[in-house]
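Residue-level structure breakdown
Listed below, chain by chain, are the residues.
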Amino acid sequence: MDPYKVLQVDPEAEDEVVQAAYRRLAQKYHPDVAGPDAAARMASINAAWELLRDPVRRATHDRDRKAAPRTDPRSPQTGSTSSSSADRAPEGRRAETVSTDWTSGRSTAGGRYDPARMRSPDGLGAAGPPPGDPAGSVLGFGRYNGWSLGEISRRDVDYLEWLDRMPIGRPYRDEIDRLLRKAGRRRSVAPADQDRRGLFRRR
């Protein structure tokens, strides 16, 4: 069982993304909602979540997953099962033919792309201890666990933009909105100014 495929998330997804995916699938395939036929699917969803919710077990699974040998399904299969040296596979892996249109999904072009920061390790508190001078609410989850929103805005504004789009960031949206405006990432009309009349005010 590949828990990432079961929960339909990327192996590099953060903990809160995995949790949100589990809750969505649990609501969809719960036997009380989808009927008794979904019991097997719900059992696999629960098993995948139990594995990925534990940081230690998830890290062990990721290491085993990367170390597992990958076979090429397009390689020719021989009908003989003899263990002679002539029938054995070569020591080196066979070169795979990959389409020129294939990409890894990570863009290396465009503004504000920082591989060192965007490829930082995931997990609870992976960003390390907070730098100090806290301002605003303090997060209790994710890589910036124990950091205040003000400290995150000075280190990683992209994370605040991501958090603003996620359900887990709803309690902090007002604070995030102010920080994004201060950083110049948001230029739309502030909620407090929406009722003010102007030259181009729609009636």
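What comes next is a walk through the structure. Computed from a prediction, not measured in an experiment: that's the story for all the values here. (Residues numbered from 1 in each chain as written. Predicted model: local features only at pLDDT ≥ 70, side-chain atom pairs only at ≥ 80, totals over all residues. Heavy atoms only, no water.)

Remarks on the packing of helix H8 (residues 157-165) against helix H9 (residues 173-182)
Relative to each other, H8 and H9 sit at 145°, their axes nearing to 10 Å. Considering the relative orientation of H8 and H9, their crossing is left-handed. Contacts between H8 and H9 involve Val157, Leu160, Glu161, Leu163, Asp164 and Arg165 on the former and, on the latter, Arg173, Ile176, Leu179 and Leu180. The class makeup of the residues in the contact of H8 with H9 is six nonpolar, no polar and four charged. (Axes fitted to C-alpha atoms, helices over the stretch in contact; angles between N-to-C directions. Helix = DSSP H or I, 4+ residues; strand = E, 2+ residues; numbered from the N terminus. Left-handed = near helix turned anticlockwise from the far one by under 90°. Contact = heavy atoms within 4.5 Å. Nonpolar A, V, L, I, M, F, W, Y, C, P; charged D, E, K, R; others polar.)

Section: the packing of helix H2 (residues 15-29) against helix H4 (residues 39-52)
Following both chains from N to C, one finds H2 and H4 inclined at 165°, their axes separated by 10 Å at the closest point. Comparing the axis directions of H2 and H4 gives the class roughly antiparallel. The interaxial crossing formed by H2 with H4 has left-handed handedness. Where H2 abuts H4, its residues Val18, Gln19, Tyr22, Leu25, Ala26 and Tyr29 lie against Arg41, Met42, Ile45, Asn46, Trp49 and Leu52. Taken together, the residues that form the contact of H2 with H4 break down as nine nonpolar, two polar and one charged. (Parallel < 35°, antiparallel > 145°, perpendicular 65-115°, else oblique.)

Examining the packing of aromatic side chains
With the rule as written, the count across this model stands at five aromatic pairs. Seen from their ring centres, tyrosine 144 and tryptophan 147 are 4.9 Å apart, and the 70° between their planes marks the pair as edge-to-face. Just as tyrosine 144 is buried, tryptophan 147 falls in that class too. Look at tyrosine 144 and tyrosine 159: their rings are 4.8 Å apart centre to centre, the planes differ by 65°, and that puts the pair in the edge-to-face class. (Phe/Tyr/Trp six-rings, centres within 6.5 Å; stacked < 30°, edge-to-face > 60°. Buried < 20%, exposed > 50% of the residue type's maximum accessible area, 1.4 Å probe, protein only.)

Details of the side chain of serine 148
Among the structural elements, serine 148 can be located in the loop between helix H6 (115-118) and helix H7 (149-155). What makes serine 148 buried here is its relative accessible area of 0%. Once residues lying within four places of it in the same chain are set aside, the contact partners of serine 148 are Pro134, Ala135, Gly136, Ser137 and Val138.

Topic: the side chain of glutamate 175
Looking at the secondary structure, you find glutamate 175 in helix H9. Arginine 178 provides the closest opposite charge to the buried, salt-bridge-free glutamate 175, at an N-O distance of 4.9 Å. Ignoring sequence-local partners within four residues, the contact set of glutamate 175 consists of Gly136, Ser137 and Leu149. (Lys, Arg positive; Asp, Glu negative; His and termini not counted. Salt bridge = Lys/Arg side-chain N within 4 Å of Asp/Glu carboxyl O.)

Things to note about unusual backbone geometry
Phi angles above zero are rare outside glycine, and glutamine 8 is one such case at about 60°. One can find glutamine 8 in the loop between helix H1 (3-7) and H2. Relative accessible area serves as the criterion here: at 47%, glutamine 8 is assigned to the partly exposed category. Positioned with a positive phi, aspartate 133 is a non-glycine residue whose angle comes to about 60°. Tracing the chain through its elements places aspartate 133 in the loop between H6 and H7.

Overview of the nonpolar core
Ranked by size, the top nonpolar core spans 17 residues in total, and within it Leu7, Val9, Val18, Tyr22, Tyr29 and Ile45 carry the most contacts. Counting residues per element, this core draws most heavily on H2, at six residues. Apart from residues no more than four positions distant in its own chain, leucine 7 is found in contact with Val18, Ala21, Tyr22, Arg24, Leu25, Ile45, Ala48, Trp49 and Leu52. Core analysis: the next-biggest nonpolar cluster, separate from the first, contains 16 residues, Phe141, Tyr144, Leu160 and Trp162 among them. (Core = buried A, V, L, I, M, F, W, Y, C linked by side-chain atoms within 4.5 Å.)

Some points on H2
With 15 residues, H2 should reach 21 Å at 1.5 Å per residue; the first-to-last C-alpha distance of 21 Å fits that figure. Turning to H2, its buried residues number three or more, namely Glu16, Val18, Ala21, Tyr22, Leu25, Ala26 and Tyr29. (Expected span 1.5 Å × (residues − 1).)

With respect to the pattern of salt bridges
Scanning all chains against the criterion turns up seven salt bridges. Across the salt bridge formed by glutamate 14 and arginine 143, the nearest N and O atoms sit 2.7 Å from each other. On the criterion of sequence distance, the pair formed by glutamate 14 in the loop between H1 and H2 and arginine 143 in the loop between H6 and H7 is long-range, its members being 129 residues apart. When its relative accessible area of 11% is taken as the criterion, glutamate 14 is described as buried. Using a relative accessible area of 11% as the deciding quantity, one classes arginine 143 as buried. Note that glutamate 50 is salt-bridged to arginine 53, the shortest N-O span being 3.4 Å. A residue is classified by how much of its surface remains accessible, and glutamate 50, at 39% relative accessible area, is partly exposed. A cluster of three or more residues bridged by salt bridges with shared partners is formed by Asp158, Glu161 and Arg185.

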